[in-house]
Amino acid sequence: MDALDLLASRTEVDVDASDVDDADVLDSLSPSVRQWWVEQFGAFVPENGGFFTPPQKEAIPLVQRGENALVCAPTGSGKTLASFTAIIDALFEREREREEGLENSVYCLYVSPLKSLANDIHRNLTEPLEGITDIAEARGEDVGEIRHAIRHGDTSDADRQKMLRETPHILNTTPETLAILLNSPKFREKLRTVEYVVVDEIHSLAESKRGTHLSVSLERLEALANGSPTRIGCSATIEPLSQMAKFLVGYEPVDADEEAASGKGTASGGAMVGEREPRDYEIVDARFAREFDLQLECPTDDLVHTPRDVVTGEFYDSLHEHVQGSTNTLVFTNTRSGAERVLHNLRDRYDAYDEANSACHHGSLSKDVRQDVERKLKDGELDVVTSSTSLELGVDMPHVDLVVQVGSPKSVAAMLQRVGRAGHRVGETVTGRVVALDRDELVECAVMVKKATEGFVDSVNVPERCQDVAAQHVYGMAIAEIRPEADVKRILQGAYPYRHYGDDDWEQLLRYLTADYEGLEDKNVYAKVWRDENDEPGGEHHYDEYEPGTPLMGKRGRLARVIYMTNVGTIPDSFACDVFTRSGDEWVGQLDESYLDTLEPGDVFVLGGSNFEYEYRRGSKVYVDRTAASPTVPSWFSERLPLAYDLGVEVLAFQETLLEKYERGGTPAVRHWLREMPIDEHAVRALSRMYDEQVRYAGAASVSTPDRLAIEEARDRDAYERHYYVHSNYGRRFNDGLSRLLAYRIAQEANANVTVAVADDGFTLKLPLNRKVDVVGIVEDLDPDAVRGTLRQAVGGTDLLQRYFRIDATRSLMILKRYKGYEKSAKQQQVASEMLLSFAEDLEEFAVVEETYREILEDKLHVDGIETFARGVQDGDIEVSRTRVESPSPRAFGLATLMASDVVLAEDESAVLQEFHQRVVDEIEGDDETAEPTAGR
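A short tour of the structure in this document, coming up. Remember, predicted model here, so these are calculated numbers, not experimental data.

Reading guide: rules and limits
- Residues numbered from 1 in each chain as written.
- Predicted model: local features only at pLDDT ≥ 70, side-chain atom pairs only at ≥ 80, totals over all residues.
- Heavy atoms only, no water.
- Helix = DSSP H or I, 4+ residues; strand = E, 2+ residues; numbered from the N terminus.
- Contact = heavy atoms within 4.5 Å.
- Areas by Shrake-Rupley, 256 points an atom, 1.4 Å probe, with all protein chains shown as cover.
- Phe/Tyr/Trp six-rings, centres within 6.5 Å; stacked < 30°, edge-to-face > 60°.
- Buried < 20%, exposed > 50% of the residue type's maximum accessible area, 1.4 Å probe, protein only.
- Lys NZ or Arg CZ within 6 Å of the ring centre and 35° of its normal.
- Patch = residues over 30% accessible without salt bridge, like charges linked within 9 Å, V, L, I, M, F, W, Y side chains within 5 Å.
- Salt bridge = Lys/Arg side-chain N within 4 Å of Asp/Glu carboxyl O.
- 1 Å grid on protein atoms, 1.4 Å probe; cavity = no way out; pocket = protein on both sides within 12 Å on 5 of 7 lines; lining within 4 Å.
- Points joined across faces, edges and corners; volume = space filled by probe spheres on them.
- Nonpolar A, V, L, I, M, F, W, Y, C, P; charged D, E, K, R; others polar.
- Axes fitted to C-alpha atoms, helices over the stretch in contact; angles between N-to-C directions.
- Parallel < 35°, antiparallel > 145°, perpendicular 65-115°, else oblique.
- Left-handed = near helix turned anticlockwise from the far one by under 90°.
- Pairing = 2+ DSSP bridges.
- Core = buried A, V, L, I, M, F, W, Y, C linked by side-chain atoms within 4.5 Å.

**Focus on the overall build of the chain**
Phase 1: Looking only at helices and strands, the chain has 35 helices and 31 strands in total.
Phase 2: Across the chain, contacts joining residues at least 24 apart in sequence account for 74% of those joining residues at least 6 apart.
Phase 3: Just so you have it, the chain exposes about 37600 Å², and 44% of that area is on carbon and sulfur atoms.

**Here we look at the packing of aromatic side chains**
Phase 1: Summed over all chains, the structure comprises 24 aromatic pairs.
Phase 2: Here Y475 and Y564 contribute two aromatic rings whose centre-to-centre distance is 6.3 Å and whose plane-to-plane angle is 80°, an arrangement assigned as edge-to-face. One end of the pair, Y475, is in helix α20 (residues 467-480); the other, Y564, is in helix α23 (residues 560-567), and 89 residues separate them in sequence.
Phase 3: Judged by its relative accessible area of 3%, Y475 is buried.
Phase 4: Clustering of aromatic rings is evident, with ring pairs tying together Y645, Y730, F734 and F869.
Phase 5: When the ring centre of F187 is taken as reference, the NZ or CZ atom of R151 above it lies at 5.6 Å.
Phase 6: Positioned above the aromatic ring of Y496, the side-chain terminus of R499 is 3.8 Å from the ring centre.

**Observations regarding helix α4 (residues 54-64)**
Phase 1: Here α4 lies mainly inside the structure; 8 of its 11 residues are buried.
Phase 2: Among the residues of α4, P55, Q56, K57, A59, I60, P61, L62 and V63 are the ones counted as buried.
Phase 3: Just downstream of α4 lies G66, where phi reads positive at about 75°.

**Considerations on unusual backbone geometry**
What is expected of a backbone is that most residues other than glycine have negative phi and most peptide bonds are trans.
Phase 1: For the bond from E239 to P240, the omega torsion is -5°, close enough to zero to count as cis.
Phase 2: Residue position: P240 is located in the loop between β6 (230-235) and α13 (241-249).
Phase 3: A positive phi is found at K410, a non-glycine position, where the angle reads about 80°.
Phase 4: Structurally, K410 is set in the loop between β14 (400-406) and α18 (412-419).
Phase 5: Classification of K410 as buried rests on a relative accessible area of 7%.
Phase 6: Despite not being glycine, D585 has its phi angle at roughly 50°, a positive value.
Phase 7: Residue position: D585 is located in the loop between β19 (576-581) and β20 (587-592).

**So, a nonpolar patch on the surface**
Phase 1: Residues L559, V562 and Y819 make up a contiguous nonpolar surface patch of about 250 Å² in total accessible area.
Phase 2: With respect to the helices and strands, the residue L559 is situated in the loop between β18 (552-555) and α23.

**Structural notes on empty space enclosed by the protein**
To find the voids left in a structure, one rolls a probe of water-molecule size over its atoms.
Phase 1: In total, this model carries 5 cavities of 30 Å³ or more according to the counting rule given.
Phase 2: For the largest cavity, the calculated volume is near 90 Å³.
Phase 3: Taken together, 14 residues form the lining of the largest cavity, with I571, P572, T810, R811 and K817 sitting closest to its centre.
Phase 4: The greatest single-element share of the lining of the largest cavity, amounting to 4 residues, is contributed by helix α29 (residues 799-811).
Phase 5: Of the residues belonging to the lining of the largest cavity, the class tally is 4 nonpolar, 6 polar and 4 charged.
Phase 6: A volume near 70 Å³ is recorded for the second largest cavity.
Phase 7: P74, A236, T237, F292 and L416 are the residues nearest the centre of the second largest cavity, which is lined by 10 residues in total.
Phase 8: Residues belonging to the lining of the second largest cavity are distributed by class as follows: 5 nonpolar, 4 polar and 1 charged.

**A word on the packing of α29 against helix α31 (residues 847-860)**
Phase 1: The interhelical angle for the contact between α29 and α31, taken along N-to-C directions, is 120°, at an axis separation of 9 Å. Relative to α31, the element α29 is oriented oblique. You can see that α29 and α31 cross each other, and the crossing is right-handed. Contact residues: α29 offers L800, L801, Y804, F805, D808, A809 and R811, while α31 offers V848, V849, E851, T852, Y853, E855, I856 and K860.
Phase 2: Within the contact of α29 with α31, the residues separate by chemical class into 9 nonpolar, 1 polar and 5 charged.

**Quick notes on the side chain of K766**
Phase 1: On the secondary structure map, K766 appears in strand β27 (residues 762-768).
Phase 2: Setting aside residues up to four positions removed in sequence, K766 forms contacts with T632, E721, R722, H723, N753, V754 and T755.

**Considerations on the sheet that holds strand β4 (residues 170-173)**
Phase 1: Pairing within the open sheet is parallel, and its 7 strands lie in the order β3-β4-β2-β5-β6-β1-β9. Only two strands of the sheet have a single neighbouring strand rather than two, namely β3 (148-151) and β9 (282-285). Pairwise comparison of adjacent strand axes, ignoring direction, gives a mean angle of 15° for this sheet.
Phase 2: Where strand β2 (residues 108-111) and strand β5 (residues 196-199) come together, 4 bridges link them in parallel fashion. Pairing of C108 across the sheet is with Y196, part of β5.
Phase 3: Of the strands in this sheet, β2, β5 and β6 are in contact with helix α12 (residues 209-224), which crosses β5 at around 175°.

**Structural notes on the nonpolar core**
Phase 1: Membership of the largest hydrophobic core comes to 93 residues, with the highest contact counts inside it found for I746, M814 and F846.
Phase 2: Top element by residues in this core is α20. It accounts for 8 residues.
Phase 3: Residues in contact with I746, not counting those within four places in the same chain, are N751, V754, L765, L767, V773, V775 and I778.
Phase 4: Of all hydrophobic cores here, the second largest spans 55 residues; its members include L391, L442, V449 and M690.

**Here's the deal with the sheet that holds strand β21 (residues 604-607)**
Phase 1: Read across the sheet, 5 strands follow the order β20-β19-β23-β22-β21 without closing on themselves; strand pairing throughout is mixed. The two strands at the open ends of the sheet, each matched to only one other strand, are β20 and β21. Across the sheet, the mean angle separating the axes of adjacent strands is 45° when strand polarity is ignored.

**A short note on the pairing of β27**
Phase 1: Of all 7 residues that make up β27, 6 are buried, and the element is covered over most of its length.
Phase 2: What sits between the antiparallel neighbours strand β26 (residues 755-759) and β27 is a turn of 2 residues.

**Topic: the pattern of salt bridges**
Side-chain pairs of opposite charge can arise whenever the charged atoms involved come near each other.
Phase 1: On inspection of all chains with the given rule, the structure shows 71 salt bridges.
Phase 2: As a salt-bridge pair, R626 and E586 come within 3.1 Å of each other at their nearest N and O atoms. Pair noted here: R626 is in strand β23 (residues 621-626) and E586 is in the loop between β19 and β20, with a separation of 40 residues, a long-range link.
Phase 3: R626 gets classed as partly exposed once you look at its relative accessible area, which sits at 48%.
Phase 4: Residue classification places E586 among the partly exposed residues on the basis of a relative accessible area of 37%.
Phase 5: Within the structure, one salt-bridge network assembled from shared partners comprises K209, D468, R788, D808, R811, E851, R854, E855, E858, D859, D864 and E867.

**Here's the deal with the pairing of strand β15 (residues 430-435)**
Phase 1: Of all 6 residues making up β15, 6 are buried, and the element is well covered by its neighbours.
Phase 2: Taking every second residue as pointing to the same face, both faces of β15 are buried, with V430, G432 and V434 on one and T431, R433 and V435 on the other.
Phase 3: The sheet contact formed by strand β10 (residues 292-297) and β15 spans 6 bridges and is parallel. Among the inter-strand pairings, L294 is bridged to a residue of β15, identified as G432.
Phase 4: In terms of strand pairing, β14 meets β15 through 4 bridges, oriented parallel. Opposite V403, over in β15, you have G432 as the bridge partner.

**Structural notes on the environment of A422**
Phase 1: With respect to the secondary-structure elements, A422 resides in the loop between α18 and β15.
Phase 2: Along the sequence, A422 and G432 sit 10 residues apart, while their C-alpha atoms lie 7.4 Å from each other.

Here it is as structure tokens:
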């Protein structure tokens, strides 16, 4: 029976010539694999237009041909299964062809970001292997064993030894464990036969140093393996696809073979030595192969005056209705405490929920509790589960048919990833509801659902030229074997994040790794590698396999391998800082150290219901003074994800279009336009009212657009303060960087302390009332070429610098977490790093210090975006407007009440908001002449 007949015999409708794609793919599989596939999935799926899902139809032939491929498709569309099916088919074929069967080594590596993902492969790997083997045996075929196993940090020594004796042909692992395996003297030999590498959930890795670390490991594997392994990347939501594909496949020298053979300095086509290009790849773009039903909901059309308990009640009544109308509902919040709170309130308000049919899942819960919730989700036993981020990846939940996102997930990609957990079966519609509970999130959520339905996805930002990750891998390669420097550098440059890694970067790194700084060893920071030019016999090093004069490198120290194996990885340790008052040394509580990133001396925060002014930090201790002043940094600041820069740009474009509609037809025209978006009527009316009041109160120039930055100036005579509200909707990373830059410049000009409060849609600068500066002029005078240097000066000496230096010094193995059986806690690491920082900052271009500044400026404060913005201002593409107001405008309410969210009683925040709003209403309802604000410089 050929593929078409076999398929037709199992389908619910006739398969004709129009389904030839399915038949071709099916016919390409071996008989046993083909039969298993049809028995498992042998039903024509109208939504797919055939038998295979779109990503399967495209991916299986690519993997079969050994072509590198990035497969991007919604959760539940079978992309991982497609990769494994083609690989399993090839391995069964290889096993039959060789008389002795498969070698006792690894043929396929499956790399996933989480241990739980590595464990959640039953459906994609175990079932196919067992099922195909049973079918082959029933067909009378001589079938050998295709072994698979999981290897990660928790794998026991006994299981590791077993893997050496009976090596898995398919090995599932994590990025950190792969780096260790590449340096394991015995197991690394088992990796020479690797022909396939599957990187799952690649989008969750690419934007962090974990992904950077993995990209170099893949290049090391490329150099180790007998051939070039086929790389398959799987992702649900990612953009830009071409960049992510290059991240997956890496780079190689232009005409490398010809170059090596000729020994000349120029390759064909005029490409200079060292020029690199990405390896060949294909992209399977099936991101929108499933139908999406997305809607923004708002509990009320008035988020200012509606009492909190009414808003809360409307939200929970609506959520209850959603849950009761669905089979299984998954509720995402933006914090772990929020997930706990939603579950508690559902159980408290309605008799329909108890421990048997509802649960919470997040990273702070025990592994056993999480696994029990995951099992019940798979089996469809739970009506509703609340979560923060822990269920975004990997767990199969076939019965979930609705996802509710409470608050903004801060990016289209995150929203699609979360709502993609619904309709987790082929052909089912992805149903998601996003609930906005405050005015600022209402704007970004409206834009988010609109852009998602249009096919927009935020871009991934990949960290580049990270010296701490490079230090680990170069050390690892030197430990593995003595080799030419050029080979080590070439492998490093093959990774996408290091494609622009130059000679200066390399020399800076090697100066650190060879401890080529006077006094460094006195600080117990020793050389990790040696380098020389392979002198003639009698020299320090000579290796006959290399020509004299060839620069070589190798490891230093007898414990080098142990140090590397026990300290490798990029995930930083963290800790809670104890908070003490300066007077009396009274312990008042603890703060997560990430919260300290936002604090400057003089900032006020709430802890245990009391207000404290931050003074300074020493190691793991924070010293404060009690104060009656209002908070300047809310306690939740470090918990929430930052708004994606691309989404922030789309918010500005949304506001520009809204202003155009308003100018042409007023509020009715705005409402008509908003109703074309997937948002409910409450959201339509709340949005149209807010912008109507904004324009009537402060003018259209008070609203930021892609070509305008709006700044409000308001005077608070009661507090004797001058406030500048900067409406930069580019997200918290950008705003954190720009606000630090402006505060640094303003403090110099005004000779006064500047208090900063940062949000996703802008930031506030606060000065004494008797200090007046030309903020617009300062913004307009920003030199794009000086932004980086000035911002570096602004973060110098801060707690932010101290914390990131500790993290990067530990990643660079300058500070060892584990040594000779002793483990150094994060607090101890911090103390050690503070002792090293002042010394290291005085060293010329010290790699770890330079990486610390690079990470802060580029990855945390988005300096590239600030430079682009400053260039737009200088070129005249972006104007800077200033509007003087007596009270904050509606679009500034969130910035003005940012601190009020930490007031002990939430009603106080509502009262402040209502007071601001009443001032606006009184102004726009009064005499037009007195209501007109003063605009300009």
